[in-house]
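So the chains spell out like this:
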Amino acid sequence: KVRQEEQEGGPTLESLLLPLLASLRTRVQATSMVLFCQATTLPIHYFLSSPILARLFILDSHPPPSSTSGRGYESSLLGSILQRSCLPSLDTGDWEFFSSPSGQPASSHGATEARIWAGLESVHAAAHGILRQLFRVSDEVKHLTLLWLGNCLSSPQSLAYLLC
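Summarised in this report is the structure supplied together with it. Just so we're clear, the structure is a prediction, and the values are computed from it rather than from any experiment.

### Side note on the overall build of the protein
Then step 1. A tally of helices and strands in the protein yields 9 helices and 0 strands.
Then step 2. In sequence order, the secondary structure elements of the protein are arranged as α-α-α-α-α-α-α-α-α.
Then step 3. For the protein, the proportion of its 164 residues judged to be buried stands at 35%.
Then step 4. When contacts within the protein are restricted to residue pairs at least 6 apart in sequence, those whose partners lie at least 24 apart make up 66%.

Structure representation (structure tokens):
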């Protein structure tokens, strides 16, 4: 119906859904790694259930051509999920989990580590589910996803530094 209205001069599918994807990106970026759960990514899975919406999702995750560093990939919706880490995003950034490690007993370090591992496990499960669905929804979306991953890993200052 939206495509028919688009041909008649109505709003485009992209103009209707890109603000929603931006809102999802903001919500995912604001979610702490420890609080990351299936409910966070449930709206994303809705997008990935349709080839048309999944194509829009992955195209929205591509940074603009003017972006020359990998930070453009990290700030996208897909990148904001894949770049989750317990390490600070910048060398001079604050440590989210260990504010004053020498002043804390070993038991609090153990509890913090357990929360970090549980958070990372939920993020990895969410990323796996999203990538799996992107690869299965259609051949075109699979190709665009592989292109996104390849360009991301080959760009300077990208997510690839997390793999080292």
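That was the structure; now back to the text.
### Describing the packing of helix H4 (residues 51–61) against helix H8 (residues 139–154)
Then step 1. At a minimum axis separation of 9 Å, H4 and H8 run at an interaxial angle of 15 degrees. Viewed along their axes, H4 and H8 adopt a mutual orientation that is roughly parallel. Here H4 and H8 pass one another in a crossing that is left-handed. Residues Pro 51, Ala 54, Arg 55, Ile 58, Leu 59 and Ser 61 of H4 form the contact with H8, whose own contacting residues are Glu 140, Val 141, Leu 144, Thr 145 and Trp 148.
Then step 2. Classifying every residue of the contact of H4 with H8 gives 7 nonpolar, 2 polar and 2 charged.

### Structural notes on the nonpolar core
Then step 1. In terms of nonpolar packing, the biggest core is built from 29 residues, with Ile 44, Phe 57, Leu 78 and Leu 134 touching the most fellow members.
Then step 2. Residue assignment for this core shows that the elements contributing at least two residues are helix H2 (13–30), helix H3 (38–47), H4, helix H6 (77–82), helix H7 (106–137) and H8.
Then step 3. Beyond its immediate chain neighbours, meaning those up to four positions away, Phe 57 contacts Leu 21, Ile 44, Leu 48, Leu 77, Leu 78 and Leu 134.

### Here we look at the environment of Leu 20
Then step 1. Tracing the chain through its elements places Leu 20 in helix H2.
Then step 2. Once the C-alpha coordinates of Leu 20 and Pro 43 are considered, the two residues, 23 residues apart in sequence, prove to be 9.8 Å apart.

### Brief notes about the pattern of salt bridges
Then step 1. Enumeration over the complete set of coordinates arrives at 2 salt bridges.
Then step 2. The closest approach of N and O atoms between Arg 25 and Asp 60, which form a salt bridge, is 3.4 Å. Placement of Arg 25 in helix H2 and of Asp 60 in helix H4 is noted, with a sequence separation of 35 residues between them.
Then step 3. Residue Glu 140 pairs with Arg 55 through a salt bridge whose shortest N-O separation is 2.7 Å. Remark: Arg 55 occurs in helix H4 and Glu 140 occurs in helix H8; sequence separation between them is 85 residues.
Then step 4. Given the relative accessible area of 42%, Glu 140 is considered partly exposed.
Then step 5. Taking relative accessible area as the criterion, Arg 55 reaches 34% and is therefore assigned partly exposed.

### Brief notes about the side chain of Ser 80
Then step 1. Along the chain, Ser 80 falls in helix H6.
Then step 2. A polar atom in the side chain of Ser 80 sits 2.8 Å from the backbone oxygen of Leu 77.
Then step 3. If we skip the residues at most four places from it in the chain, Ser 80 touches Val 28, Gln 29 and Glu 74.

### Structural notes on the packing of H2 against H4
Then step 1. Two elements in contact, H2 and H4, have axes separated by 11 Å at closest approach and are oriented at 60 degrees. On the basis of the axis angle, H2 is oblique to H4. Seen from above, H2 lies across H4 with right-handed handedness. Side by side, H2 and H4 meet where Leu 13, Glu 14, Leu 17, Leu 18, Leu 21 and Arg 25 of the first sit next to Ile 52, Leu 53, Leu 56, Phe 57 and Asp 60 of the second.
Then step 2. Across the contact of H2 with H4, the residue classes tally to 8 nonpolar, no polar and 3 charged.

### So, H8
Then step 1. Helix length check: H8, at 16 residues, gives a terminal C-alpha distance of 22 Å against a target of 22 Å (1.5 Å per residue), a fit within 8%.
Then step 2. Among the residues of H8, those classed as buried are Val 141, Leu 144, Thr 145, Trp 148 and Cys 152. Angular distribution of buried residues about the axis of H8 spans 100 degrees; they occupy a single face of the element. Exposed positions of H8 whose direction lies more than 90 degrees from the buried face are Asp 139, His 143 and Ser 154.

How each quantity is defined
- Residue numbers here run from 1 along each chain, matching the order of that chain's written sequence.
- Side-chain atom pairs in this predicted model are given and counted only at pLDDT of 80 or more, local residue features only at pLDDT of at least 70, and totals for whole chains, interfaces and linings cover all residues.
- Calculated side-chain values reflect all of the structure's heavy atoms, with hydrogen atoms and water omitted.
- Helix and strand labels come from DSSP, where a helix needs a run of H or I of at least four residues and a strand needs a run of E of at least two; each type is numbered from the N terminus.
- Exposure categories follow from relative accessible area, calculated using a 1.4 Å probe and restricted to protein chains: below 20% of the type maximum is buried, above 50% is exposed, and the middle band is partly exposed.
- When checking whether two residues touch, look at their non-hydrogen atoms; a contact exists if any pair is within 4.5 Å.
- Lines fitted to the C-alpha atoms define the axes, with helices restricted to the stretch that makes contact. Angles between their N-to-C directions range from 0 to 180 degrees.
- For this classification, under 35 degrees means roughly parallel, over 145 means roughly antiparallel, 65 to 115 means roughly perpendicular, and everything else is oblique.
- By convention, the crossing between two helices is left-handed when the near helix turns anticlockwise from the far helix through less than a right angle, and right-handed when the turn is clockwise.
- In the scheme used here, Gly and all other residues not listed as nonpolar or charged are polar, with Ala, Val, Leu, Ile, Met, Phe, Trp, Tyr, Cys and Pro taken as nonpolar and Asp, Glu, Lys and Arg as charged.
- Throughout this description, the term nonpolar core refers to a set of buried Ala, Val, Leu, Ile, Met, Phe, Trp, Tyr and Cys residues connected via side-chain atoms within 4.5 Å.
- What makes a salt bridge here is a side-chain nitrogen of Lys or Arg within 4 Å of a carboxyl oxygen of Asp or Glu, nothing more.
- N or O atoms closer than or at 3.5 Å make up a polar contact, with two conditions inside protein: a donor-capable atom paired with an acceptor-capable one, and, for residues adjacent in sequence, both atoms drawn from side chains.
- Multiplying 1.5 Å by the helix residue count minus one yields the expected span of that helix.
- Relevant arc is that of directions from the helix axis to the C-beta atoms, nothing else.

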